Amino acid sequence: ELKVEQNPLFLSMQEGKNYTIYCNYSTTSDRLYWYRQDPGKSLESLFVLLSNGAVKQEGRLMASLDTKARLSTLHITAAVHDLSATYFCAVDATSGTYKYIFGTGTRLKVLA
Amino acid sequence: DAGITQSPRHKVTETGTPVTLRCHQTENHRYMYWYRQDPGHGLRLIHYSYGVKDTDKGEVSDGYSVSRSKTEDFLLTLESATSSQTSVYFCAISDWAREGYTFGSGTRLTVV
């Protein structure tokens, strides 16, 4: 059974600082996704990582995937208040069915 | 999100009553999913569909049934609502040619 773990679960950081969110998963998969959710809102797709070594960047966020280590990271550079949200990673459980197993989420709060 | 709508947005129902949630898409995507979101659990897959009349169970399917008689509609039914089914329910769609889910706005269901 595929398990997806994120850490930390909660993260409070100062504006301008850097930090990394980690997503570990328990079985082989080469497809990993990152989503953002604002309070009371739906989930918005951030990154799609489809192969070992994939790296995607958008603004102050950069995501990477190491399929051998079963690890993805979401790196935040010079955080700003607008990045405050909950971030989820999701792993494709079974190739071809596109069933995603989600992590429990990381709630990020960026303090001015 | 454009192309996928959920109804109702909010619902309060009594224990023991049946409840149906609707997900409607205009994207002609093959895959549709129902997830529930609860604090501390992230998103958990209830049921999914990979085509008209083709559905399968997810990790938390007990007490739920689904139907998909048309490509555009995916219905989730709580056969006899219980307080443990109080949650936010998200529908998602996916197209094999475009990785990642698009989520609906969610339905907040309260069972009293």
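Structure: see above.
Residues numbered from 1 in each chain as written. Chains lettered and ligands numbered in written order. Predicted model: local features only at pLDDT ≥ 70, side-chain atom pairs only at ≥ 80, totals over all residues. Heavy atoms only, no water.

Enquirer: Any details on the overall build of chain B? Residues and values, ideally.
Expert: If you tally the helices and strands in chain B, you get 0 helices and 11 strands. Beginning at the N terminus, the succession of helices and strands in chain B can be written as β-β-β-β-β-β-β-β-β-β-β. Along the first, second and third principal axes, the C-alpha set of chain B runs to 40 × 25 × 25 Å. Split into buried and exposed, the 112 residues of chain B put 49% on the buried side. Partitioning the contacts of chain B with sequence separation of at least 6, the portion at a separation of at least 24 is 54%. For chain B, the accessible area works out to roughly 5200 Å², and carbon and sulfur atoms hold 47% of it. Computing the positive centroid from 12 side-chain charges and the negative centroid from 13, chain B places the two 3 Å apart. (Helix = DSSP H or I, 4+ residues; strand = E, 2+ residues; numbered from the N terminus. Buried < 20%, exposed > 50% of the residue type's maximum accessible area, 1.4 Å probe, protein only. Contact = heavy atoms within 4.5 Å. Areas by Shrake-Rupley, 256 points an atom, 1.4 Å probe, with all protein chains shown as cover. Lys, Arg positive; Asp, Glu negative; His and termini not counted. Charge placed at Lys NZ, Arg CZ, Asp CG, Glu CD.)

Enquirer: Run through the interface of chain A and chain B, naming residues and quoting values.
Expert: Each partner contributes to the interface: chain A provides 20 residues, whereas chain B provides 20 residues. Summed over both partners, the interface of chain A with chain B comes to about 1600 Å²; 56% of that surface belongs to carbon and sulfur atoms. When the buried area of chain A at its contact with chain B is split by residue, Y98, K99 and F102 of chain A rank highest and sum to 32% of it. Taken together, chain A and chain B are joined by 0 salt bridges. Remark: the boundary between chain A and chain B carries 6 residue pairs in polar contact (both at pLDDT 80 or more). Mapped by element, the contributors of at least two residues to the side of chain A that touches chain B are β4 (32–37), β5 (43–49) and β10 (100–102) of chain A. (Buried area = accessible area lost by both parts, 1.4 Å probe. Salt bridge = Lys/Arg side-chain N within 4 Å of Asp/Glu carboxyl O. Polar contact = N/O pair within 3.5 Å; in protein donor to acceptor, adjacent residues only side chain to side chain.)

Enquirer: Tell me about the environment of V80 of chain A, and name the residues and values.
Expert: All names here are of chain A. With respect to the helices and strands, the residue V80 is situated in the loop between β8 (71–76) and β9 (85–92). On a C-alpha basis, the gap between V80 and K109 in space is 9.5 Å, while along the polypeptide they are 29 residues apart. Residues within four places of V80 in sequence aside, it is in contact with E15, R60 and V110.

Enquirer: Got a sec to walk through the sheet that holds strand β3 (residues 19–25) of chain B? Specific residues and values, please.
Expert: Residues and elements named next belong to chain B. In spatial order, the strands read β1-β3-β8-β7; together these 4 strands make up an open sheet with antiparallel pairing. Pairing within the sheet leaves two strands with one partner each, and these edge strands are β1 (4–7) and β7 (64–70). Geometrically, the sheet is characterised by an average inter-axis angle of 15 degrees between neighbouring strands, direction not taken into account. (Pairing = 2+ DSSP bridges. Axes fitted to C-alpha atoms, helices over the stretch in contact; angles between N-to-C directions.)

Enquirer: Please provide a residue-by-residue account of the side chain of T106 of chain A, values included.
Expert: Relative to the assigned elements, T106 of chain A resides in strand β11 (residues 106–111). Residues contacting T106 of chain A, with those up to four places away along its chain left out, are Q6, N7, P8, L9, L11, I21, A85, T86 and Y87 of chain A.

Enquirer: Can you explain the nonpolar core? Please cite residues and give values.
Expert: V4, L32, W34, L74, I76, Y87 and L108 of chain A are the most contacted members of the largest nonpolar core, which has 26 residues in total. Residue assignment for this core shows that the elements contributing at least two residues are β2 (10–14), β3 (19–25), β4, β5, β7 (61–66), β8, β9 and β11 of chain A. Top contributing element to this core by residue count: β9 of chain A, with 4 residues. Filtering out sequence-adjacent residues up to four positions away, L108 of chain A remains in contact with L11, M13, I76, L83, S84, A85 and Y87 of chain A. In terms of nonpolar packing, the next biggest core, distinct from the first, is built from 20 residues, A90 and Y100 of chain A together with Y35 and A92 of chain B among them. (Core = buried A, V, L, I, M, F, W, Y, C linked by side-chain atoms within 4.5 Å.)

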